[in-house]
Every structure is written in C-alpha cells, then in structure tokens.
Amino acid sequence: MISSTFIPSAYSQSIENGGFSWSAPSNIALVKYWGKKDNQIPANPSVSFTLNNCKTITELAFVKKENDGNFSFDLLFEGKPKEDFKPKIQKFFERIETYCPFLKEYHFTINTQNTFPHSSGIASSASGMGALAMNLMSLEKELNPDMTEEYFLQKASFLARLGSGSACRSIKGNMVVWGNQKNIEGSSDLFGIEYPYAVHENFKNYQDTILLVDKGEKQVSSTVGHDLMHNHPFAEQRFAQAHENLDKLKVIFENGNLEEFIKIVESEALTLHAMMMTSMPYFILMKPNTLEIINAIWKFRNETNIPVCFTLDAGANVHVLYPENVKDSVLTFIKSELVSFCQNSQYICDQIGAGAVEV
Ligand code: PMV
C-alpha cells in the first residue's frame, strides 16, 4: 500500500458544524521503534501492548469557515487555553493536509485531557495524536459516509503516525504491529495493524505497572533520539535485531513461553538505552533508581520464579510487566520493595486494553 491511498477523492457530503469526542490509550512497545526515515517511516518494525487506563480524551468541535489558506484552531488543555501545545498541532495539520483537504475549511476547538498526571514522564503524544486522529476521521466519515470501517481505522493510524510515530499503535487492538515484517501479514510502515495471529492465554489481561522514577522534562526529545540513529555505528545490526526479535515474539505469543518473552522484552529495553549510550552525542536516560528497580525485579524473579519483567521507554520510568494470575504477589512486591524508588512514591496500575473509543 502507498500513502496516496489515503488522499480522498471529492467528498459526497458537506457539513457546517458539529463535534466528536474520542479517547485513545497510550501503548508500551515490546520491540522498540528507535530510528526513522523521512515522513515518520520507521527504520524497523515494532510491536506494542495497548494500555487501558493511561489515555487522552479529546473533544473536537468544528465550524465551517472561509478557506483563506490558513489553519484555524483553539487548543484547550483541561478546558483552559494552552498556547504551548499549538505549534505541535500546527505542524501536525501541515503534515496531514494532503490527506485531509478539509482542514482549512473549518475552525476547530480542540479540548484535550489526560487520565494520567501531566508531566509524569508518561508520553502523552501517542494517546494525544491517536485521539485527535480518530476525531478527524469521524469528521471525514461525515463527509464521506461510504468509508469502510477498515479504511477508517487504517487512515486514523496513518494520520496518528504522522503526528507521532508510536501513536499509530494506539488505535485498535490489544497488541499492535507497526512496520513491514515479512512473516506478519498486512504489516506496514504506514500504519499499525492489530496483531493478526493467535495469542496465548498467558498474555490475556497482561499487567503493566508504571513506576514513575523521574517526572522531569525529557532530557532528549524522541525526535532528537531517532535522529541519533543516523550514522549510528550499530544502527544496521540493531534494525536487523528488531526483525529477529519480532519473529521470535511471534512464536512466543502463540506458545505462551514467558521465560522467552522476558528475555526478548528486557533485552529490547536495554538495547534501546544502549543505542542512546553509544550515539554521538551520548545520553544516559536511566537514573540510579531505574537500576535499583531492575536489580530488585531480577532478585525477586530469581527467588520466586514469578515471571515479572521490566521494559523502559526513552526515559527513567520503569514499566513492570506481568501476567494477571500473579497480580497479587507482584503488587505486594511492588508496594513493599519498589515504590520507595519512585518519585513521591508514584506509580500507575495499568493493563492491556483494546484501543480508542468514541465517548
Ligand atoms: O513515537 P515517538 O517518536 O515518540 O517514539 C517513541 C519511541 C519509544 O517510545 C522509545 C519506543 C516505542 O516504540 O514506543
């Protein structure tokens, strides 16, 4: 499939004003996307668990205006004007205009809020762009009611990707693959797809407890981070490894082997950080408490044989991943041994969810 698939032909309907509201969740990558080509095309495929509780809820109100060649929108965060979010939306509109030619014909009011604490170090870009893309597709569906459900979702993911790469994995499904992978039918660099094969019971309701180790501003923006993979000495090996790890996970998703799952997931997290430590300039995004937590998880796992593991984003927070049937013992462990390493003892309990929902 090519990007021009998402350039609409003339719309059959017109609409003067209206509004929609969508929530979209955050997601946590198991095989990480790190490194991209032009137009947010990933350098390697990734797969993620969709989260359930960490989400953005965005209302989009629109009213027809004269097309004066400009985008026009107000941006509210929790009901209050938020000027510093506007450049990101402006840039997003510029990137997607070819695919959403109606954008300059409306004035938009975008009102957005997150279910997780602001500046908790949890990236709101995936859920935020996911929710906005769903709203824009709802509007496009009014203009073109014949649109299929499949097209709606694919294009929503396609648009979200242009806003923030990993946002394309926040549209639909418990597990989402983004990026061409030979053995995964339908996978695409252009949008995320719901993982299309059998998944073992072990992964049903998989838990993710997010330990907020450092809530400060990101030391490195993901844009800068992805850029560091250009001319990175280990880039090619890393991209090849992501394909191999995704192939291995495909087998694991089917047979439910949690020991093998843990090996891939923890190795992916550490590799992501290794890429940052070995780029030029180099960064260490973990904090001392990130390492304390990792060591405590390893010790607990060795002593109890409970299949709990960690993954990391491009920051210091730790996502603790475990199956639902060990939830009670892992939560007891987290509360007694890990929470003291969190900033203000903060953590968020989440689990696999199904994707965006109209509200
Ligand atoms: O979507 P971006 O450009 O913010 O990149 C996200 C990158 C990681 O979170 C580190 C990995 C991933 O696949 O989500």
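See the structure shown above.
Being a predicted model, the structure only gives us computed values, none of them experimental.

*Asks:* Mind showing me how you'd approach the pairing of strand E11 (residues 309–312) here?
*Replies:* Successive residues of a regular strand alternate their side chains across the two faces of the sheet. Side chains of E11 alternate between two faces, with Cys309 and Thr311 and Phe310 and Leu312 buried alike. Bridge count for E11 against strand E12 (residues 318–322) is 4 bridges, and the pairing is antiparallel. By the bridge assignment for E12, leucine 312 is matched with valine 318. Here E11 folds back onto E12, and the loop between the two strands holds 5 residues.

*Asks:* What is the right way to look at a positive patch on the surface in this model?
*Replies:* Taken together, Lys88, Lys91, Arg95 and Lys218 make up a surface patch of like positive charges. Residue placement: lysine 88 occurs in helix H1 (residues 86–96). Taking the relative accessible area as the measure of exposure, lysine 88 reaches 45% and is therefore partly exposed.

*Asks:* So what exactly am I meant to see when it comes to the site of the ligand here?
*Replies:* The environment of the ligand is made up of 13 residues, and the closest members are Tyr33, Ser166, Arg169, Ser222 and His226. One of the backbone nitrogen or oxygen atoms of tyrosine 33 is found 2.9 Å away from an oxygen atom of the ligand. For the ligand, an oxygen atom lies 2.7 Å from a polar atom in the side chain of arginine 169. Contact with the protein chains hides 92% of the accessible area of the ligand, taken as 380 Å² for the molecule alone. Grouping the constituent residues of the shell around the ligand by class yields 5 nonpolar, 5 polar and 3 charged.

*Asks:* Quick question: what am I supposed to make of the environment of glutamate 97 here?
*Replies:* Examined against the element boundaries, glutamate 97 turns out to sit in the loop between H1 and strand E7 (106–114). With 26 residues separating them along the chain, glutamate 97 and phenylalanine 71 place their C-alpha atoms 9.6 Å apart. Setting aside chain neighbours within four positions, we find glutamate 97 in contact with Phe71, Leu103 and Lys104. A distance of 3.1 Å separates the side chain of glutamate 97 from the side chain of lysine 104, its partner in a polar contact.

*Asks:* Would you explain the sheet that holds strand E13 (residues 347–351) in this entry?
*Replies:* Whenever strands of a sheet pair, they do so through backbone hydrogen bonds, lying parallel or antiparallel. Strand order in the open sheet made by the 4 strands is E11-E12-E10-E13, with antiparallel pairing throughout. The two strands at the open ends of the sheet, each matched to only one other strand, are E11 and E13. In this sheet, neighbouring strand axes are inclined to one another by 25 degrees on average, regardless of whether the strands run parallel or antiparallel. Note: strand E10 (residues 207–211) against E12, 5 bridges, orientation antiparallel. Following the sheet pairing, glutamine 207 is matched in E12 by tyrosine 322. With respect to the sheet, helix H8 (residues 327–338) is in contact with E10, E12 and E13, its orientation differing from that of E12 by roughly 155 degrees.

*Asks:* Hey, could you run me through the packing of helix H7 (residues 288–304) against H8 in this one?
*Replies:* In a packed pair of helices, the relevant descriptors are the angle between the two axes and the axis-to-axis distance. At a closest axis distance of 11 Å, the pairing of H7 and H8 adopts a crossing angle of 135 degrees. Judged by the inter-axis angle, H7 sits oblique to H8. Considering only the axes of H7 and H8, their crossing is right-handed. Here Ile293, Ala296, Ile297 and Phe300 of H7 lie close against H8, whose contacting residues are Ser329, Phe333 and Leu338. Across the contact of H7 with H8, the residue classes tally to 6 nonpolar, 1 polar and no charged.

*Asks:* Before we go on, may I ask you to explain the pattern of salt bridges in this structure?
*Replies:* Two side chains bearing opposite charge may form a pair once their charged atoms approach each other closely. Under the defined criterion, the tally for this structure stands at 9 salt bridges. Among the salt bridges present, the one from glutamate 97 reaches lysine 104, with a minimum N-O distance of 3.1 Å. Using a relative accessible area of 15% as the deciding quantity, one classes lysine 104 as buried. Of the charged contacts, one joins arginine 301 and glutamate 266 as a salt bridge, the two residues approaching to 2.8 Å between their closest N and O atoms. Taken together, the residues span a long stretch of sequence, with arginine 301 in helix H7 and glutamate 266 in helix H6 (residues 258–277) at a distance of 35 residues. Note on glutamate 266: relative accessible area 6%, which makes it buried.

*Asks:* Help me out: how do you make sense of the packing of aromatic side chains in this one?
*Replies:* Scanning the model with the defined rule gives 25 aromatic pairs in all. Ring pairing ties together the aromatic residues Phe20, Phe62, Phe71, Phe73, Phe92, Phe93, Tyr106 and Phe108, which thus form one cluster. Its end group placed over the ring of phenylalanine 85, lysine 82 keeps NZ or CZ at 5.2 Å from the ring centre. The cationic tip of lysine 104 hangs over the ring face of phenylalanine 71; the distance from NZ or CZ to the ring centre is 4.9 Å.

*Asks:* Explanation requested: unusual backbone geometry in the structure shown.
*Replies:* What you tend to see is this: most non-glycine residues have negative phi, and most peptide bonds are trans. In this chain, methionine 280 is followed by proline 281 through a cis amide linkage whose omega measures 0 degrees. Not every positive phi belongs to a glycine, and asparagine 231 is a case in point at roughly 60 degrees. Note that asparagine 231 resides in the loop between helix H4 (222–227) and helix H5 (235–255). Even without being a glycine, serine 345 presents a positive backbone phi close to 55 degrees. Structurally, the position occupied by serine 345 is in the loop between H8 and E13. Classification of serine 345 by relative accessible area gives partly exposed; the value is 44%.

*Asks:* Honestly, the packing of H1 against helix H2 (residues 125–143) in this entry has me stumped. Any pointers?
*Replies:* At a minimum axis separation of 13 Å, H1 and H2 run at an interaxial angle of 50 degrees. By the angle between their directions, the pair H1 and H2 is classed as oblique. Between H1 and H2 lies a crossing whose hand is right-handed. Contacts from Lys88, Ile89, Phe92, Phe93 and Ile96 in H1 reach Ser125, Met129, Leu132 and Leu136 in H2. Looking at the contact of H1 with H2 residue by residue, the class counts come to 7 nonpolar, 1 polar and 1 charged.

Scoring rules and cut-offs
Residues numbered from 1 in each chain as written. Predicted model: local features only at pLDDT ≥ 70, side-chain atom pairs only at ≥ 80, totals over all residues. Heavy atoms only, no water. Buried < 20%, exposed > 50% of the residue type's maximum accessible area, 1.4 Å probe, protein only. Helix = DSSP H or I, 4+ residues; strand = E, 2+ residues; numbered from the N terminus. Pairing = 2+ DSSP bridges. Patch = residues over 30% accessible without salt bridge, like charges linked within 9 Å, V, L, I, M, F, W, Y side chains within 5 Å. Areas by Shrake-Rupley, 256 points an atom, 1.4 Å probe, with all protein chains shown as cover. Salt bridge = Lys/Arg side-chain N within 4 Å of Asp/Glu carboxyl O. Lys, Arg positive; Asp, Glu negative; His and termini not counted. Charge placed at Lys NZ, Arg CZ, Asp CG, Glu CD. Near = heavy atom within 4 Å. Polar contact = N/O pair within 3.5 Å; in protein donor to acceptor, adjacent residues only side chain to side chain. Nonpolar A, V, L, I, M, F, W, Y, C, P; charged D, E, K, R; others polar. Contact = heavy atoms within 4.5 Å. Axes fitted to C-alpha atoms, helices over the stretch in contact; angles between N-to-C directions. Parallel < 35°, antiparallel > 145°, perpendicular 65-115°, else oblique. Left-handed = near helix turned anticlockwise from the far one by under 90°. Phe/Tyr/Trp six-rings, centres within 6.5 Å; stacked < 30°, edge-to-face > 60°. Lys NZ or Arg CZ within 6 Å of the ring centre and 35° of its normal.

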